[in-house]
Amino acid sequence: MVQCHCTDCQRVSGGGHLSIARFKRDDIAVSGETKTHSMTADSGNTVTRHFCPSCGSRLFSETTGRPGIIGVVAGAFDSNAWFDPDMVIFKRSQPLWDITTEDVPCYDALPPPT
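Residues numbered from 1 in each chain as written. Predicted model: local features only at pLDDT ≥ 70, side-chain atom pairs only at ≥ 80, totals over all residues. Heavy atoms only, no water.

K.L.:
Sorry, what's going on with the overall build of the protein here?
P.N.:
Each helix and strand in the protein was counted, giving one helix and seven strands. Seen in sequence order, the protein has helices and strands lined up from the N terminus as β-α-β-β-β-β-β-β. Here the protein has a C-alpha radius of gyration of 14 Å; the compact-globule value for 114 residues is 13 Å, and the two agree. Within the protein, the proportion of its 114 residues that are buried is 37%. For the protein, restricting intrachain contacts to residue pairs at least 6 apart in sequence, the fraction spanning at least 24 positions comes to 45%. (Helix = DSSP H or I, 4+ residues; strand = E, 2+ residues; numbered from the N terminus. Rg over C-alpha atoms; globule rule 2.2 N^0.38 Å. Buried < 20%, exposed > 50% of the residue type's maximum accessible area, 1.4 Å probe, protein only. Contact = heavy atoms within 4.5 Å.)

Rendered as structure tokens:
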């Protein structure tokens, strides 16, 4: 689980970071149609964001930098009290007013895949 402060996540969240739970793509079942938008991220990877076609809410994303992984935004779940970040990424872009945990590993950019 990640809190991402890259400028793209700031723009799409309307805040200082986006909270993302990562899962293996094969472990997630997506039902229904989504709308997508692809772009090149700060890392240079292609990110494809999936949105609800009815309300426009961001649901999940996939990136060429982490094949086989799907990142579901914590706000897409009816209940997200379980979300507990295990890392903070793109800390170099974190606005001073957006306070996030420092009790987990923090990276100035995207860490290498594990």
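K.L.:
What is the right way to read the nonpolar core from this model?
P.N.:
Val2, Cys4, Cys6, Cys9, Leu18, Ile20, Val73, Met87, Ile89 and Phe90 together form the largest nonpolar core, which totals ten residues. Residue assignment for this core shows that the elements contributing at least two residues are strand 1 (2-4), strand 2 (18-24) and strand 7 (87-89). Excluding its chain neighbours within four sequence positions, the residues that come into contact with cysteine 6 are Asp42, Phe90 and Ser93. (Core = buried A, V, L, I, M, F, W, Y, C linked by side-chain atoms within 4.5 Å.)

K.L.:
Got a minute to help me understand the environment of threonine 46 in this structure?
P.N.:
Mapped onto the secondary structure, threonine 46 falls in strand 4 (residues 46-51). On the basis of relative accessibility, which here comes to 34%, the residue threonine 46 falls in the partly exposed class. When the C-alpha atoms of threonine 46 and threonine 63 are compared, they prove to be 5.6 Å apart, with 17 residues separating the residues in sequence. Residues within four places of threonine 46 in sequence aside, it is in contact with Ser38, Met39, Glu62, Thr63 and Thr64.

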